[in-house]
Amino acid sequence: MSEMEKREILSEVALGNVPADIVLKGTLYNVCTGEFIPGQSIGVKGDKIAYVGPDHDAPRDDQTVVIDAGDRELLPGPIDAHTHLGKYSPEELNPHPIP
């Protein structure tokens, strides 16, 4: 499977059109605001995080492994969010933006 196809699948999971392989349910810690948000989930497809948000919207089906973290906090993996916008266009940096 090409990188482009993998990205398209991740986008479809984020949009709720394809189920995640694993959904972790718990309280999300927002590192930007420092707040704890209950009732959230992280959806994983393959070895990538594809969804972070309210648990009721987490993309899943009967094959999805659901792990309830109870009262534990969820902290999605680190994201290197810096870019070199002067060097590349936004379309080159992210050909499949998630709305």
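Read on for a plain summary of the structure.

The rules behind these values
- Residues numbered from 1 in each chain as written.
- Predicted model: local features only at pLDDT ≥ 70, side-chain atom pairs only at ≥ 80, totals over all residues.
- Heavy atoms only, no water.
- Salt bridge = Lys/Arg side-chain N within 4 Å of Asp/Glu carboxyl O.
- Helix = DSSP H or I, 4+ residues; strand = E, 2+ residues; numbered from the N terminus.
- Buried < 20%, exposed > 50% of the residue type's maximum accessible area, 1.4 Å probe, protein only.
- Pairing = 2+ DSSP bridges.
- Axes fitted to C-alpha atoms, helices over the stretch in contact; angles between N-to-C directions.
- Contact = heavy atoms within 4.5 Å.

For the coordinates displayed, the defined rule picks out four salt bridges. A salt bridge links Asp 55 to Lys 25; the shortest N-O distance between them is 3.9 Å. On the criterion of sequence distance, the pair formed by Asp 55 in the loop between strand E3 (48-54) and strand E4 (65-74) and Lys 25 in strand E1 (residues 22-29) is long-range, its members being 30 residues apart. Under the relative-accessibility criterion, Asp 55 is labelled buried at 14%. Classification of Lys 25 as partly exposed rests on a relative accessible area of 24%.

Moving on: the sheet that holds E3. What the four strands build is an open sheet, ordered E3-E2-E1-E4; its pairing is mixed. Looking at the sheet topology across the chains shown, the edges are occupied by E3 and E4. Neighbour-to-neighbour, the strand axes of the sheet open up by a mean angle of 25°, direction not taken into account. Note that E1 and E4 share six bridges and pair parallel. Note that in E4 the partner of Val 23 across the bridge is Val 66. Set on the sheet, helix H1 (residues 3-14) makes contact with strand E2 (36-45) and E3; between it and E3 the angle comes to about 15°.

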